[in-house]
Amino acid sequence: MSDVQNNDSWQDDASRDLMSLGGRLALLERGEGSHVWDVDGNRYLDFLGGIAVNSLGHAHPVFVETVSRQAATLSHVSNYFATPQQLELAARLKQLAGTGESGRVFLANSGTEANETAIKLARLHDADGLIVSLDGAFHGRSTGALALTPKPAYQDPFRPLMPGVKSIAPTIEALEQLFAGGERIAALVVEPIQGEAGVLPLPDGYLARARELTTTHGALLILDEVQTGMGRTGHWFAFQAEGIVPDAITLAKGIAAGFPLGALVTFGAASELFYPGTHNSTFGGNPLASAVANAVIQEIQDRDLLANVTTRGAQLRAGVEGLPLVADTRGAGLLIGIRLTAPLAAEVRAAAHERGLIVNAPTADAIRIAPAYTIGNAEVAEFLDLFGQALAAVSSAHPNQETPE
Ligand SMILES: *Cc1c(COP(=O)(O)O)cnc(C)c1O
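In this report, the structure presented in the accompanying data block is examined. In this text the structure is predicted, and so the values were computed from the model without any measurement.

In this fold, Ala-318 is placed in helix α11 (residues 305-320). The spatial distance from the C-alpha of Ala-318 to the C-alpha of Met-230 is 24 Å, given a sequence separation of 88 residues.

On to the packing of aromatic side chains, then. To describe a pair of aromatic rings, you give the distance between the ring centres and the angle between the ring planes. One pass over the full model with this rule turns up 5 aromatic pairs. With centroids separated by 6.0 Å and ring planes inclined at 85 degrees, the aromatic side chains of Phe-138 and Tyr-154 adopt a geometry described as edge-to-face. Here Phe-138, found in the loop between β5 (130-134) and α6 (143-147), pairs with Tyr-154, found in helix α7 (residues 152-155); they are 16 residues apart in sequence, far enough to count as distant. When the centroid spacing of 5.1 Å and the interplanar angle of 15 degrees are considered together, the rings of Phe-383 and Phe-387 count as stacked. In this pair, Phe-383 and Phe-387 both sit in helix α13 (residues 377-397), 4 residues apart, roughly one turn of the helix.

The end-to-end C-alpha separation of α13 is 30 Å, in line with the 30 Å expected for 21 residues at 1.5 Å each. Looking at α13, one finds that the buried residues are Glu-379, Val-380, Phe-383, Leu-386, Phe-387, Gly-388, Ala-390, Leu-391, Val-394 and Ser-395.

Pairing is antiparallel in the open sheet, where 4 strands are placed in the order β13-β14-β17-β16. The sheet is open, and its two edges are formed by β13 (326-332) and β16 (360-363), each paired on a single side. When strand polarity is set aside, the average angle formed by the axes of neighbouring strands in this sheet is 30 degrees. Sheet topology note: the strand β14 (residues 335-340)/strand β17 (residues 366-369) ladder contains 4 bridges and is antiparallel. The partner of Arg-339 across the bridge, within β17, is Ala-366. On the sheet, helix α12 (residues 345-354) packs against β14, β16 and β17 and is oriented at approximately 170 degrees with respect to β16. α13 rests against β13, β14 and β17 of the sheet, and its axis sits at about 25 degrees to β14.

About the thresholds
Residues numbered from 1 in each chain as written. Predicted model: local features only at pLDDT ≥ 70, side-chain atom pairs only at ≥ 80, totals over all residues. Heavy atoms only, no water. Helix = DSSP H or I, 4+ residues; strand = E, 2+ residues; numbered from the N terminus. Phe/Tyr/Trp six-rings, centres within 6.5 Å; stacked < 30°, edge-to-face > 60°. Expected span 1.5 Å × (residues − 1). Buried < 20%, exposed > 50% of the residue type's maximum accessible area, 1.4 Å probe, protein only. Pairing = 2+ DSSP bridges. Axes fitted to C-alpha atoms, helices over the stretch in contact; angles between N-to-C directions. Contact = heavy atoms within 4.5 Å.

Right under this line is the structure:
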(Lines give C-alpha, C1' and ligand atoms only; values in the text may rest on other atoms or scores of the structure.)
Protein backbone atom coordinates (compact mmCIF):
# COMPACT_ATOMS: atom_id res chain seq x y z
CA MET A 1 0.00 0.00 0.00
CA SER A 2 1.39 3.40 -0.86
CA ASP A 3 1.41 6.46 1.35
CA VAL A 4 -1.65 8.42 0.30
CA GLN A 5 -1.49 10.94 3.12
CA ASN A 6 1.20 13.24 1.82
CA ASN A 7 0.76 13.43 -1.92
CA ASP A 8 -1.65 12.82 -4.77
CA SER A 9 -0.32 9.36 -5.59
CA TRP A 10 -3.73 7.97 -4.67
CA GLN A 11 -4.88 9.06 -8.13
CA ASP A 12 -2.22 6.79 -9.64
CA ASP A 13 -3.17 3.99 -7.27
CA ALA A 14 -6.83 4.36 -8.25
CA SER A 15 -5.99 4.30 -11.97
CA ARG A 16 -3.79 1.25 -11.59
CA ASP A 17 -5.83 -0.82 -9.12
CA LEU A 18 -9.50 0.07 -9.51
CA MET A 19 -11.50 -0.95 -12.55
CA SER A 20 -11.34 1.85 -15.07
CA LEU A 21 -14.88 3.22 -14.79
CA GLY A 22 -14.39 6.95 -14.34
CA GLY A 23 -12.44 9.41 -12.24
CA ARG A 24 -12.66 9.83 -8.52
CA LEU A 25 -12.91 13.36 -7.18
CA ALA A 26 -11.18 13.21 -3.81
CA LEU A 27 -9.79 10.74 -1.30
CA LEU A 28 -12.28 10.99 1.55
CA GLU A 29 -11.39 9.82 5.00
CA ARG A 30 -13.99 10.85 7.54
CA GLY A 31 -17.47 12.28 7.89
CA GLU A 32 -19.59 13.86 10.58
CA GLY A 33 -23.11 15.18 10.07
CA SER A 34 -23.28 16.93 6.71
CA HIS A 35 -19.52 17.28 6.33
CA VAL A 36 -16.75 15.04 5.03
CA TRP A 37 -12.99 15.50 5.15
CA ASP A 38 -10.36 14.29 2.69
CA VAL A 39 -6.98 12.88 3.71
CA ASP A 40 -5.39 16.33 3.47
CA GLY A 41 -7.89 17.72 5.97
CA ASN A 42 -9.98 19.63 3.42
CA ARG A 43 -13.57 19.93 4.61
CA TYR A 44 -16.57 19.59 2.28
CA LEU A 45 -20.24 20.27 2.82
CA ASP A 46 -21.83 17.08 1.47
CA PHE A 47 -25.07 17.98 -0.29
CA LEU A 48 -25.04 14.90 -2.49
CA GLY A 49 -25.22 12.55 0.50
CA GLY A 50 -23.61 9.62 -1.31
CA ILE A 51 -26.26 10.08 -4.04
CA ALA A 52 -29.34 10.30 -1.83
CA VAL A 53 -28.10 7.58 0.52
CA ASN A 54 -26.82 9.20 3.72
CA SER A 55 -30.24 10.23 4.98
CA LEU A 56 -28.95 10.81 8.54
CA GLY A 57 -25.66 12.34 7.41
CA HIS A 58 -22.31 10.82 8.32
CA ALA A 59 -21.41 8.93 11.49
CA HIS A 60 -24.83 9.55 13.02
CA PRO A 61 -24.82 8.21 16.61
CA VAL A 62 -27.86 5.99 15.92
CA PHE A 63 -26.13 4.46 12.90
CA VAL A 64 -22.85 3.96 14.75
CA GLU A 65 -24.49 2.49 17.82
CA THR A 66 -26.75 0.15 15.83
CA VAL A 67 -23.99 -1.17 13.57
CA SER A 68 -21.75 -1.77 16.58
CA ARG A 69 -24.40 -3.45 18.70
CA GLN A 70 -25.77 -5.66 15.93
CA ALA A 71 -22.29 -6.60 14.66
CA ALA A 72 -21.47 -7.75 18.17
CA THR A 73 -24.70 -9.78 18.30
CA LEU A 74 -25.41 -11.39 14.90
CA SER A 75 -24.56 -10.12 11.42
CA HIS A 76 -25.30 -12.89 8.95
CA VAL A 77 -27.07 -16.25 8.96
CA SER A 78 -28.33 -16.84 5.33
CA ASN A 79 -31.94 -17.06 4.30
CA TYR A 80 -32.33 -20.57 5.67
CA PHE A 81 -33.12 -18.63 8.83
CA ALA A 82 -35.23 -15.66 9.83
CA THR A 83 -34.05 -13.06 12.34
CA PRO A 84 -36.07 -10.68 14.52
CA GLN A 85 -34.42 -7.71 12.77
CA GLN A 86 -35.53 -8.91 9.33
CA LEU A 87 -39.09 -9.60 10.47
CA GLU A 88 -39.28 -6.22 12.15
CA LEU A 89 -38.08 -4.47 8.99
CA ALA A 90 -40.57 -6.30 6.77
CA ALA A 91 -43.42 -5.34 9.09
CA ARG A 92 -42.24 -1.72 9.23
CA LEU A 93 -42.00 -1.45 5.43
CA LYS A 94 -45.48 -2.91 4.98
CA GLN A 95 -46.86 -0.49 7.52
CA LEU A 96 -45.10 2.59 6.07
CA ALA A 97 -46.12 1.67 2.51
CA GLY A 98 -49.69 0.92 3.58
CA THR A 99 -49.79 -2.53 1.97
CA GLY A 100 -52.14 -3.90 4.62
CA GLU A 101 -52.02 -7.54 5.57
CA SER A 102 -51.49 -8.83 2.03
CA GLY A 103 -48.18 -7.03 1.40
CA ARG A 104 -44.89 -8.91 1.13
CA VAL A 105 -41.27 -7.80 1.39
CA PHE A 106 -38.14 -9.18 -0.28
CA LEU A 107 -34.87 -7.86 1.11
CA ALA A 108 -31.87 -7.44 -1.19
CA ASN A 109 -28.57 -5.54 -1.14
CA SER A 110 -28.94 -2.72 -3.66
CA GLY A 111 -31.38 -0.85 -5.84
CA THR A 112 -30.35 -2.81 -8.88
CA GLU A 113 -30.95 -6.11 -7.13
CA ALA A 114 -34.36 -4.89 -5.97
CA ASN A 115 -35.17 -3.99 -9.59
CA GLU A 116 -33.98 -7.37 -10.88
CA THR A 117 -36.44 -8.88 -8.41
CA ALA A 118 -39.16 -6.60 -9.77
CA ILE A 119 -38.39 -7.75 -13.33
CA LYS A 120 -38.81 -11.36 -12.22
CA LEU A 121 -42.07 -10.35 -10.53
CA ALA A 122 -43.28 -8.95 -13.87
CA ARG A 123 -42.29 -12.18 -15.67
CA LEU A 124 -44.14 -14.28 -13.12
CA HIS A 125 -47.17 -12.07 -13.61
CA ASP A 126 -47.12 -12.39 -17.41
CA ALA A 127 -44.25 -14.24 -19.11
CA ASP A 128 -45.36 -13.12 -22.58
CA GLY A 129 -46.03 -9.44 -21.95
CA LEU A 130 -43.64 -6.55 -22.44
CA ILE A 131 -41.96 -4.79 -19.54
CA VAL A 132 -42.13 -1.09 -20.34
CA SER A 133 -39.91 1.65 -18.93
CA LEU A 134 -39.54 5.35 -19.72
CA ASP A 135 -37.02 7.25 -21.78
CA GLY A 136 -34.55 8.91 -19.40
CA ALA A 137 -35.01 6.19 -16.79
CA PHE A 138 -32.28 4.76 -14.60
CA HIS A 139 -32.96 1.38 -13.04
CA GLY A 140 -29.43 0.00 -12.63
CA ARG A 141 -26.49 -1.53 -14.48
CA SER A 142 -27.00 -5.29 -14.20
CA THR A 143 -28.22 -6.82 -17.44
CA GLY A 144 -31.94 -6.94 -16.61
CA ALA A 145 -32.11 -3.48 -15.08
CA LEU A 146 -29.91 -2.19 -17.90
CA ALA A 147 -32.49 -3.35 -20.46
CA LEU A 148 -34.95 -0.99 -18.71
CA THR A 149 -32.42 1.88 -18.73
CA PRO A 150 -32.66 3.16 -22.31
CA LYS A 151 -29.47 5.19 -22.51
CA PRO A 152 -27.27 4.28 -25.50
CA ALA A 153 -23.99 4.96 -23.67
CA TYR A 154 -24.98 2.48 -20.96
CA GLN A 155 -26.66 -0.14 -23.18
CA ASP A 156 -24.79 -0.28 -26.47
CA PRO A 157 -21.59 -2.05 -25.32
CA PHE A 158 -23.71 -4.82 -23.81
CA ARG A 159 -26.06 -5.84 -26.60
CA PRO A 160 -27.89 -8.11 -27.02
CA LEU A 161 -29.92 -7.01 -24.01
CA MET A 162 -32.69 -8.90 -22.23
CA PRO A 163 -35.61 -9.17 -24.68
CA GLY A 164 -39.25 -8.40 -23.99
CA VAL A 165 -38.77 -4.79 -22.95
CA LYS A 166 -39.43 -1.44 -24.51
CA SER A 167 -39.35 2.19 -23.52
CA ILE A 168 -41.75 5.05 -24.19
CA ALA A 169 -41.55 8.82 -23.77
CA PRO A 170 -42.39 10.02 -20.23
CA THR A 171 -45.67 11.66 -21.30
CA ILE A 172 -49.32 10.80 -20.66
CA GLU A 173 -49.86 10.81 -24.42
CA ALA A 174 -47.23 8.10 -24.97
CA LEU A 175 -48.70 6.12 -22.08
CA GLU A 176 -52.18 6.21 -23.64
CA GLN A 177 -50.78 5.26 -27.03
CA LEU A 178 -48.98 2.30 -25.49
CA PHE A 179 -52.13 0.85 -24.00
CA ALA A 180 -54.22 1.71 -27.08
CA GLY A 181 -51.72 -0.17 -29.27
CA GLY A 182 -52.98 -3.64 -28.41
CA GLU A 183 -49.57 -5.02 -27.35
CA ARG A 184 -49.57 -7.24 -24.31
CA ILE A 185 -48.01 -5.42 -21.35
CA ALA A 186 -46.75 -7.31 -18.29
CA ALA A 187 -45.62 -4.27 -16.33
CA LEU A 188 -44.95 -0.57 -16.47
CA VAL A 189 -41.83 0.35 -14.46
CA VAL A 190 -41.39 4.04 -13.64
CA GLU A 191 -39.57 6.34 -11.23
CA PRO A 192 -41.88 8.96 -9.69
CA ILE A 193 -39.02 11.43 -10.18
CA GLN A 194 -36.21 10.53 -12.61
CA GLY A 195 -33.13 11.25 -10.52
CA GLU A 196 -30.41 10.48 -13.05
CA ALA A 197 -32.28 12.43 -15.75
CA GLY A 198 -31.70 15.58 -13.68
CA VAL A 199 -34.44 15.21 -11.03
CA LEU A 200 -37.26 15.20 -13.55
CA PRO A 201 -40.73 14.65 -12.06
CA LEU A 202 -43.37 12.78 -14.05
CA PRO A 203 -46.03 15.02 -15.62
CA ASP A 204 -48.95 15.92 -13.31
CA GLY A 205 -51.51 13.15 -13.21
CA TYR A 206 -49.15 10.60 -14.79
CA LEU A 207 -49.24 8.03 -12.00
CA ALA A 208 -53.03 8.24 -11.66
CA ARG A 209 -53.46 7.61 -15.40
CA ALA A 210 -50.81 4.85 -15.30
CA ARG A 211 -52.71 3.19 -12.45
CA GLU A 212 -55.99 3.29 -14.39
CA LEU A 213 -54.50 1.93 -17.60
CA THR A 214 -52.37 -0.81 -16.02
CA THR A 215 -55.35 -1.97 -13.98
CA THR A 216 -57.64 -2.01 -17.02
CA HIS A 217 -55.11 -3.99 -19.08
CA GLY A 218 -54.01 -6.35 -16.33
CA ALA A 219 -50.43 -5.02 -16.20
CA LEU A 220 -48.44 -4.42 -13.02
CA LEU A 221 -47.54 -0.87 -12.02
CA ILE A 222 -44.06 -1.07 -10.50
CA LEU A 223 -42.51 2.07 -9.05
CA ASP A 224 -38.76 2.38 -8.75
CA GLU A 225 -38.54 4.36 -5.51
CA VAL A 226 -34.87 3.52 -5.01
CA GLN A 227 -34.04 7.25 -4.96
CA THR A 228 -37.39 8.80 -4.04
CA GLY A 229 -38.36 6.38 -1.26
CA MET A 230 -37.70 6.23 2.49
CA GLY A 231 -38.57 9.86 3.16
CA ARG A 232 -36.45 11.60 0.53
CA THR A 233 -39.42 13.55 -0.89
CA GLY A 234 -40.98 14.42 2.47
CA HIS A 235 -43.33 11.41 2.21
CA TRP A 236 -42.20 7.90 3.08
CA PHE A 237 -42.73 7.09 -0.59
CA ALA A 238 -43.33 9.46 -3.50
CA PHE A 239 -46.44 7.56 -4.66
CA GLN A 240 -48.17 8.53 -1.42
CA ALA A 241 -48.42 12.13 -2.65
CA GLU A 242 -50.24 10.93 -5.79
CA GLY A 243 -53.24 9.16 -4.26
CA ILE A 244 -52.51 5.84 -5.97
CA VAL A 245 -51.50 2.36 -4.84
CA PRO A 246 -48.91 0.57 -7.02
CA ASP A 247 -48.47 -3.21 -7.31
CA ALA A 248 -44.86 -3.02 -6.18
CA ILE A 249 -42.15 -0.57 -5.19
CA THR A 250 -38.40 -1.00 -5.12
CA LEU A 251 -36.25 0.66 -2.47
CA ALA A 252 -32.58 1.09 -1.57
CA LYS A 253 -30.44 4.26 -1.34
CA GLY A 254 -31.63 5.97 1.88
CA ILE A 255 -33.20 2.89 3.46
CA ALA A 256 -30.33 2.18 5.85
CA ALA A 257 -28.60 5.56 5.66
CA GLY A 258 -25.41 4.20 4.12
CA PHE A 259 -25.55 0.52 4.96
CA PRO A 260 -26.16 -1.51 1.75
CA LEU A 261 -29.75 -2.74 1.59
CA GLY A 262 -32.49 -2.93 -1.04
CA ALA A 263 -36.09 -4.07 -0.96
CA LEU A 264 -39.05 -5.00 -3.10
CA VAL A 265 -42.42 -4.38 -1.45
CA THR A 266 -45.50 -5.85 -3.11
CA PHE A 267 -49.17 -4.98 -2.69
CA GLY A 268 -52.26 -7.19 -3.03
CA ALA A 269 -52.26 -9.97 -5.64
CA ALA A 270 -48.66 -9.18 -6.70
CA SER A 271 -47.66 -10.56 -3.30
CA GLU A 272 -48.67 -14.08 -4.40
CA LEU A 273 -46.43 -14.32 -7.49
CA PHE A 274 -43.13 -15.55 -6.05
CA TYR A 275 -43.06 -19.07 -4.62
CA PRO A 276 -40.32 -21.19 -3.05
CA GLY A 277 -37.35 -21.71 -5.35
CA THR A 278 -38.03 -18.71 -7.64
CA HIS A 279 -35.68 -16.18 -6.05
CA ASN A 280 -33.28 -15.43 -3.19
CA SER A 281 -30.13 -13.65 -2.11
CA THR A 282 -27.37 -14.78 0.24
CA PHE A 283 -26.73 -11.45 1.92
CA GLY A 284 -30.21 -9.99 1.41
CA GLY A 285 -32.03 -9.11 4.62
CA ASN A 286 -29.13 -9.95 6.89
CA PRO A 287 -29.72 -8.90 10.51
CA LEU A 288 -27.00 -6.22 10.42
CA ALA A 289 -28.48 -4.30 7.48
CA SER A 290 -32.01 -4.88 8.75
CA ALA A 291 -31.18 -3.58 12.23
CA VAL A 292 -29.72 -0.42 10.74
CA ALA A 293 -32.80 0.17 8.57
CA ASN A 294 -35.06 -0.31 11.59
CA ALA A 295 -33.06 2.21 13.59
CA VAL A 296 -33.00 4.70 10.72
CA ILE A 297 -36.78 4.49 10.29
CA GLN A 298 -37.26 4.90 14.05
CA GLU A 299 -34.97 7.94 14.12
CA ILE A 300 -36.85 9.57 11.22
CA GLN A 301 -40.10 9.02 13.12
CA ASP A 302 -38.80 10.09 16.54
CA ARG A 303 -37.34 13.36 15.20
CA ASP A 304 -40.17 14.04 12.74
CA LEU A 305 -37.55 14.29 10.01
CA LEU A 306 -40.08 14.04 7.17
CA ALA A 307 -41.37 17.47 8.21
CA ASN A 308 -37.79 18.75 8.20
CA VAL A 309 -37.26 17.31 4.70
CA THR A 310 -40.25 19.31 3.44
CA THR A 311 -39.32 22.53 5.25
CA ARG A 312 -35.64 22.47 4.32
CA GLY A 313 -36.43 21.55 0.73
CA ALA A 314 -38.66 24.60 0.37
CA GLN A 315 -36.07 26.78 2.11
CA LEU A 316 -33.29 25.60 -0.21
CA ARG A 317 -35.36 26.08 -3.34
CA ALA A 318 -36.39 29.59 -2.30
CA GLY A 319 -32.75 30.41 -1.56
CA VAL A 320 -31.48 29.07 -4.87
CA GLU A 321 -34.03 30.87 -7.06
CA GLY A 322 -32.50 34.13 -8.19
CA LEU A 323 -28.87 33.03 -7.89
CA PRO A 324 -26.78 33.58 -11.03
CA LEU A 325 -27.31 30.98 -13.80
CA VAL A 326 -30.33 29.39 -12.09
CA ALA A 327 -33.35 28.90 -14.39
CA ASP A 328 -35.60 27.03 -11.96
CA THR A 329 -35.73 24.17 -9.48
CA ARG A 330 -37.71 20.93 -9.48
CA GLY A 331 -38.12 17.76 -7.45
CA ALA A 332 -39.66 17.18 -4.05
CA GLY A 333 -38.45 17.42 -0.47
CA LEU A 334 -34.69 17.04 -0.35
CA LEU A 335 -34.33 15.62 -3.86
CA ILE A 336 -33.80 18.83 -5.78
CA GLY A 337 -32.78 19.48 -9.36
CA ILE A 338 -31.45 22.94 -10.10
CA ARG A 339 -31.82 23.71 -13.80
CA LEU A 340 -29.25 26.14 -15.15
CA THR A 341 -29.80 28.69 -17.90
CA ALA A 342 -26.95 27.10 -19.89
CA PRO A 343 -25.31 23.65 -20.13
CA LEU A 344 -22.68 24.54 -17.54
CA ALA A 345 -23.50 22.00 -14.84
CA ALA A 346 -20.13 20.23 -15.05
CA GLU A 347 -18.33 23.54 -14.51
CA VAL A 348 -20.62 24.51 -11.64
CA ARG A 349 -20.06 21.13 -9.98
CA ALA A 350 -16.29 21.58 -10.28
CA ALA A 351 -16.42 25.18 -8.99
CA ALA A 352 -18.49 23.98 -6.03
CA HIS A 353 -15.98 21.22 -5.29
CA GLU A 354 -13.10 23.74 -5.31
CA ARG A 355 -15.00 25.72 -2.68
CA GLY A 356 -15.66 22.68 -0.51
CA LEU A 357 -19.19 21.81 -1.62
CA ILE A 358 -20.25 18.41 -2.97
CA VAL A 359 -23.14 18.37 -5.46
CA ASN A 360 -23.44 16.52 -8.75
CA ALA A 361 -24.32 17.18 -12.36
CA PRO A 362 -26.53 14.36 -13.67
CA THR A 363 -27.10 16.18 -16.97
CA ALA A 364 -25.42 19.04 -18.85
CA ASP A 365 -27.78 21.66 -17.44
CA ALA A 366 -28.87 20.24 -14.07
CA ILE A 367 -27.30 20.16 -10.62
CA ARG A 368 -28.69 17.61 -8.16
CA ILE A 369 -28.67 17.97 -4.42
CA ALA A 370 -29.82 15.29 -1.97
CA PRO A 371 -28.58 16.32 1.47
CA ALA A 372 -29.21 14.60 4.81
CA TYR A 373 -32.72 14.83 6.32
CA THR A 374 -31.06 16.29 9.43
CA ILE A 375 -29.88 19.57 7.89
CA GLY A 376 -30.75 22.80 9.69
CA ASN A 377 -30.33 26.53 9.18
CA ALA A 378 -26.54 26.35 9.42
CA GLU A 379 -26.21 23.80 6.60
CA VAL A 380 -28.73 25.63 4.41
CA ALA A 381 -26.86 28.92 4.89
CA GLU A 382 -23.47 27.31 4.20
CA PHE A 383 -24.85 25.66 1.06
CA LEU A 384 -26.36 28.87 -0.30
CA ASP A 385 -23.11 30.74 0.36
CA LEU A 386 -20.83 28.16 -1.32
CA PHE A 387 -23.22 27.39 -4.18
CA GLY A 388 -23.78 31.10 -4.81
CA GLN A 389 -19.99 31.60 -4.99
CA ALA A 390 -19.62 28.72 -7.43
CA LEU A 391 -22.43 30.01 -9.65
CA ALA A 392 -21.02 33.53 -9.60
CA ALA A 393 -17.57 32.27 -10.62
CA VAL A 394 -18.91 30.19 -13.52
CA SER A 395 -21.29 32.95 -14.52
CA SER A 396 -18.54 35.56 -14.74
CA ALA A 397 -16.48 33.16 -16.87
CA HIS A 398 -19.44 32.94 -19.29
CA PRO A 399 -20.85 36.49 -19.40
CA ASN A 400 -23.43 35.74 -22.13
CA GLN A 401 -25.28 32.94 -20.36
CA GLU A 402 -27.43 34.97 -17.98
CA THR A 403 -30.71 35.12 -19.86
CA PRO A 404 -33.04 32.15 -19.52
CA GLU A 405 -34.13 30.81 -22.90
C1 LIG B 1 -29.49 4.47 -7.80
C2 LIG B 1 -30.69 3.93 -8.48
C3 LIG B 1 -30.78 2.58 -8.85
C4 LIG B 1 -29.64 1.62 -8.68
O5 LIG B 1 -29.41 1.38 -7.31
P6 LIG B 1 -28.02 0.73 -6.85
O7 LIG B 1 -28.14 0.65 -5.38
O8 LIG B 1 -26.93 1.61 -7.36
O9 LIG B 1 -27.94 -0.62 -7.46
C10 LIG B 1 -31.96 2.15 -9.42
N11 LIG B 1 -32.99 2.98 -9.62
C12 LIG B 1 -32.95 4.28 -9.26
C13 LIG B 1 -34.14 5.15 -9.47
C14 LIG B 1 -31.80 4.80 -8.69
O15 LIG B 1 -31.73 6.09 -8.36
